[in-house]
Amino acid sequence: MNRFIECAGVGKIYPVKTESVEALRGIDFTCDSGDFVCLLGRSGCGKSTLLQLVAGLEEPTAGNIAVAGKTLDGPSPAAAIVFQDHGLFPWMTVRKNVEFNMKARGVAAGERTATAAQFIEMTGLTGFGDRYPHELSGGMRQRVGIARALTTGPRALLMDEPFGALDAQTRGKLQDELLSIWEKQRTTVLFVTHSIDEALLLADRILVFTPRPGRIAADIKVDLPRPRAPQSEAFSALARELRGLIGADRDFD
Amino acid sequence: MRLQRALGLLPLALLLLAWHLAVQAKVYPPVLLPPIAKVLAVFVDDLPTVVDHALSSIGRVIAGISCSFAVAVPLGLMIGRYRWLDLLTDWSIQIFRSVPPISLIPLAILFLGIGDKPAISLIFLSGLWPLLINTIFGVRGIERTLIKVARAARAAEFLVMKDIILPAALPAIFTGLRLAVGAGWLTVVTAEMIAVKSGLGYMILNAQLTFRSDLIIAGIIVIGAIGLLADQLVRLARSYVCRWQEGLTASPE
Ligand SMILES: Nc1ncnc2c1ncn2[C@@H]1O[C@H](COP(=O)(O)OP(=O)(O)O)[C@@H](O)[C@H]1O
Ligand SMILES: [Mg+2]
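Residues numbered from 1 in each chain as written. Chains lettered and ligands numbered in written order. Predicted model: local features only at pLDDT ≥ 70, side-chain atom pairs only at ≥ 80, totals over all residues. Heavy atoms only, no water.

A closer look at the pairing of strand 7 (residues 156-160) of chain A
The side chains of a regular strand alternate, first on one face of the sheet and then on the other.
Residues and elements named next belong to chain A.
1) Next: Counted residue by residue, strand 7 has five buried out of five residues, so it is predominantly covered.
2) Next: Residues Ala156, Leu158 and Asp160 point to one face of strand 7 and Leu157 and Met159 to the other, with burial holding for every one of them.
3) Next: Two strands pair when backbone bridges link them, and strand 7 and strand 8 (residues 188-193) are joined in this way by five bridges, in the parallel orientation. Paired with Leu157 across the bridge in strand 8 is Val189.
4) Next: In this view, the connection linking strand 7 to its parallel neighbour strand 8 by way of helix 5 (residues 168-185) has right-handed handedness. (Buried < 20%, exposed > 50% of the residue type's maximum accessible area, 1.4 Å probe, protein only. Helix = DSSP H or I, 4+ residues; strand = E, 2+ residues; numbered from the N terminus. Pairing = 2+ DSSP bridges. Right-handed = clockwise from strand over helix to strand, strands pointing away.)

Spelled out as structure tokens, the structure:
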């Protein structure tokens, strides 16, 4: 299905005591089903805000957002979200955390257990089902967050810098795993990052954001075959282009 | 480590020593200041009396604090969650909690007479405020991401309360419970001196009338011991119920 996520003239102003903050202005984009789209920009240019809007967690102050053909009015059942600080419930075991989104939908306990086990295995967490989040490494917590998001078979996966707090090695591993999951499930992915390399490794398409107010400065198609090699000429050329668009003095990775 | 812990017993030993020396030196006549052995003898000769009174006091605190818990926790969860309830109740809570429950004894006797009713009502009030305030505080302290996760999963309000707000507030609720049990214990002893004809408070006041200072001192020791024990029990319950918290906080109190 085309036009799976549609934003038309979307703006967001946060009312703050003295002067309000205009986080986004005039955001227009559509995103087809199955696309892997990265939202790239420095911090403070409204990427998280846009993701929250698409997730239905915040309301736009201007414009319209539709997901799966329906104008948003709160969180869409077709989407699931993964946060940078993983958002795991510390009092639930890994299994209970993974089951939560299903429980919220009233899925029966038996089916929950079976589905949770399946995604625990898929995300490489076998054997950790009875652990609490504080007993896991950062990378494993992020896997739990991804497993939880996948359990309801979302058609859109919204990810807000999910690997931002991880060390380079773990991040690389999780990027590969995310791609292989995406290739299997063919969900639409909106992925927020401030890393040019990460965006180039993952995305079919990169929306480049600039700040004050947050706007989309460029919409770049990435036609490189996967797996992508950061050393390749085409990759570096795109990276240079993106660096210019963002207005970074240096690579701010 | 063990030696360091034993250090805490030193002041108590010194106190006993001072008592012993004071008795030897006949600072006060033996009717007023009995020898240690005579106080210990109370635990043999008058054991049934002491146990009876102790059980009455304990029963009242359990009844009163259970009522506080049943009212304060659900109410606190809702006040913490719903802004309008907070606005509605904030002033009242701030005002009523600064009234010492003991100052309500005269009113309680006027309205409820002498007996369990005024005592338990006052214990209920002593426990209500610390439990209520700590529960509200616990709800406020919840991580915002966790609420977002629940909203994005479209969890029903009851599930959010039960699976997210309540567990998030539990550590604070237990802090409140410790304070409530302590306050309830103080109140029961005081109330029993005036408003009831049984319990440890009544026992020591009565012992004063018959010049049984050995019974008074034994009563005080029992009051202290039960207070300490109750506090330890609540701590133990907390570390069991909140075991998911291990390693999250710098030191488990
Ligand atoms: N809840 C909020 N209230 C007020 N201002 C906010 C809020 N969330 C974000 N902002 C402001 O909106 C702008 C964009 O923030 P954000 O969307 O978090 O950017 P990014 O994710 O790209 O770093 C920033 O100036 C930020 O301070
Ligand atoms: Mg952000």
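Picking up after the structure, the text goes on.
What to know about the confidence of the model for chain A
All names here are of chain A.
1) Next: The share of residues in chain A with pLDDT of 70 or more is 97%, and the mean pLDDT across the chain is 89.
2) Next: Per-element mean pLDDT across chain A ranges from 84 in helix 7 (residues 233-246) up to 95 in helix 2 (residues 94-104).
3) Next: A low-confidence stretch, residues 249-253 stays under pLDDT 50, and its non-local contacts, those more than four residues away or across chains, total ten contacts. (pLDDT = per-residue confidence, 0-100. Contact = heavy atoms within 4.5 Å.)

As for the site of ligand 1
Residue and element names in this part refer to chain A.
1) Next: The full set of residues close to ligand 1 is Tyr14, Val16, Val21, Ala23, Arg42, Ser43, Gly44, Cys45, Gly46, Lys47, Ser48 and Thr49.
2) Next: Tyr14 is positioned such that a nitrogen or oxygen atom in its side chain is 3.5 Å from a nitrogen atom of ligand 1.
3) Next: Contacts to ligand 1 include Gly46, whose backbone N or O atom sits 3.1 Å from an oxygen atom.
4) Next: Contact with the protein chains hides 65% of the accessible area of ligand 1, taken as 560 Å² for the molecule alone.
5) Next: Those elements that place two or more of their residues in the shell around ligand 1 are strand 2 (21-31) and helix 1 (47-54). (Near = heavy atom within 4 Å. Polar contact = N/O pair within 3.5 Å; in protein donor to acceptor, adjacent residues only side chain to side chain. Areas by Shrake-Rupley, 256 points an atom, 1.4 Å probe, with all protein chains shown as cover.)

So, the environment of Ala150 of chain B
1) Next: Its location among the elements puts Ala150 of chain B in helix 8 (residues 144-152).
2) Next: For Ala150 of chain B, a relative accessible area of 3% translates into the label buried.
3) Next: Spatially, the C-alpha atoms of Ala150 of chain B and Ile164 of chain B are 8.1 Å apart, while their sequence positions differ by 14 residues.
4) Next: Discounting chain neighbours no more than four positions away, the residues touching Ala150 of chain B are Phe100 of chain A together with Ala155, Val160 and Ile164 of chain B.

With respect to the sheet that holds strand 7 of chain A
Residue and element names in this part refer to chain A.
1) Next: Spatially, 6-7-8-3-9-10 is the arrangement adopted by the six strands of the open sheet, whose pairing is mixed. Strands at the two margins of the open sheet, each flanked by one partner only, are strand 6 (79-82) and strand 10 (215-221). The average angle at which neighbouring strand axes cross in this sheet is 15 degrees, direction not considered. (Axes fitted to C-alpha atoms, helices over the stretch in contact; angles between N-to-C directions.)

Thoughts on the interface of chain B and chain A
1) Next: Between chain B and chain A, the contact holds 22 residues from the first and 22 residues from the second.
2) Next: In total, about 2,100 Å² of surface goes out of reach between chain B and chain A, with carbon and sulfur atoms giving 67% of it.
3) Next: Contact with chain A buries surface across chain B, with Val149, Arg154 and Trp244 of chain B losing the most and accounting together for 26% of the total.
4) Next: For the salt bridge of Lys103 of chain A with Asp163 of chain B, the shortest nitrogen-to-oxygen distance reads 2.7 Å.
5) Next: Applying the counting criterion to the chain B and chain A interface returns seven residue pairs in polar contact (both at pLDDT 80 or more).
6) Next: Those elements giving two or more residues to the side of chain B that touches chain A turn out to be helix 8 and helix 9 (157-194) of chain B.
7) Next: For the side of chain B that touches chain A, the leading source of residues is helix 8 of chain B, giving seven residues.
8) Next: Broken down by class, the residue content of the side of chain B that touches chain A amounts to twelve nonpolar, two polar and eight charged. (Buried area = accessible area lost by both parts, 1.4 Å probe. Salt bridge = Lys/Arg side-chain N within 4 Å of Asp/Glu carboxyl O. Nonpolar A, V, L, I, M, F, W, Y, C, P; charged D, E, K, R; others polar.)

A few points about helix 9 of chain B
1) Next: An ideal rise of 1.5 Å per residue puts 56 Å on 38 residues; helix 9 of chain B reaches only 46 Å between its terminal C-alpha atoms.
2) Next: At Leu170 of chain B, helix 9 of chain B is bent by approximately 50 degrees, the largest bend along its length, and proline Pro171 of chain B sits one to four residues beyond. (Expected span 1.5 Å × (residues − 1). Bend = angle between axes of the 7 residues up to and from the residue.)

A word on the packing of aromatic side chains
Any pair of aromatic rings gets described here by the distance separating the centres and the angle formed by the planes.
Residues and elements named next belong to chain A.
1) Next: Inspection of every chain in the model, using the stated rule, returns seven aromatic pairs over all chains.
2) Next: Each ring, one from Phe36 and one from Trp182, has its centre 5.4 Å from the other, and the planes form 85 degrees; the classification is edge-to-face. In this pair, Phe36 is assigned in strand 3 (residues 36-40) and Trp182 in helix 5, connecting sequence segments 146 residues apart.
3) Next: On the basis of relative accessible area, Trp182 is assigned to the buried category, the value being 2%.
4) Next: Grouping aromatic residues by their ring pairs yields a cluster made of Phe36, Phe163, Trp182 and Phe191.
5) Next: Stacked on the ring of Trp182, the Lys or Arg Arg186 has its end atom at 4.4 Å from the ring centre. (Phe/Tyr/Trp six-rings, centres within 6.5 Å; stacked < 30°, edge-to-face > 60°. Lys NZ or Arg CZ within 6 Å of the ring centre and 35° of its normal.)

A look at the confidence of the model for chain B
Reading fine detail from the predicted coordinates is not recommended where pLDDT is low.
All names here are of chain B.
1) Next: Residues with a pLDDT of 70 or more make up 97% of chain B, whose mean pLDDT is 92.
2) Next: Element-level mean pLDDT values for chain B span from 81 in helix 1 (residues 2-7) up to 96 in helix 4 (residues 47-81).
3) Next: Confidence metrics for the complex model read pTM 0.86 and ipTM 0.88.

Describing the sheet that holds strand 1 (residues 5-14) of chain A
All names here are of chain A.
1) Next: The strand order across the open sheet built from four strands is 2-1-4-5, with neighbouring strands paired in antiparallel fashion. The strands lining the two open edges of the sheet, one partner per strand, are strand 2 and strand 5 (70-71).
2) Next: Alignment of strand 1 against strand 4 (residues 62-67), held across five bridges, turns out to be antiparallel. Across the sheet, the residue bridging to Glu6 is Ala66, located in strand 4.

Some thoughts on a nonpolar patch on the surface
1) Next: Where nonpolar side chains cluster on the molecular surface, the patch consists of Leu7, Leu10, Leu14, Leu17 and Leu21 of chain B and spans about 500 Å² of accessible area.
2) Next: Sorting elements by how many residues they give to the nonpolar patch places helix 2 (residues 10-24) of chain B first, with four residues. (Patch = residues over 30% accessible without salt bridge, like charges linked within 9 Å, V, L, I, M, F, W, Y side chains within 5 Å.)

Examining the pattern of salt bridges
1) Next: Evaluation of the coordinates by the stated rule reveals 21 salt bridges over all chains.
2) Next: One salt bridge connects Arg205 of chain A with Asp219 of chain A, and the closest N-O pair in it is separated by 3.0 Å. With Arg205 of chain A in strand 9 (residues 205-210) and Asp219 of chain A in strand 10, the pair connects residues that are 14 residues apart, well separated along the chain.
3) Next: Residue classification places Arg205 of chain A among the buried residues on the basis of a relative accessible area of 11%.
4) Next: Sharing partners across several salt bridges, the network here consists of Lys38, Asp46, Arg212 and Asp214 of chain B.

Let's talk about the nonpolar core
1) Next: Formed by 94 residues in total, the largest nonpolar core has its most connected members in Phe29, Leu39, Leu50, Val54, Phe100 and Leu190 of chain A.
2) Next: With 16 residues, helix 9 of chain B is the single largest residue contributor to this core.
3) Next: For Leu190 of chain A, the contacting residues outside a window of four places in its chain are Ile5, Phe29, Val37, Leu39, Leu51, Val54, Leu157, Leu158 and Met159 of chain A.
4) Next: Among the nonpolar cores identified, the runner-up in size contains 47 residues, and Leu179, Ile220, Phe235 and Ala239 of chain A belong to it. (Core = buried A, V, L, I, M, F, W, Y, C linked by side-chain atoms within 4.5 Å.)

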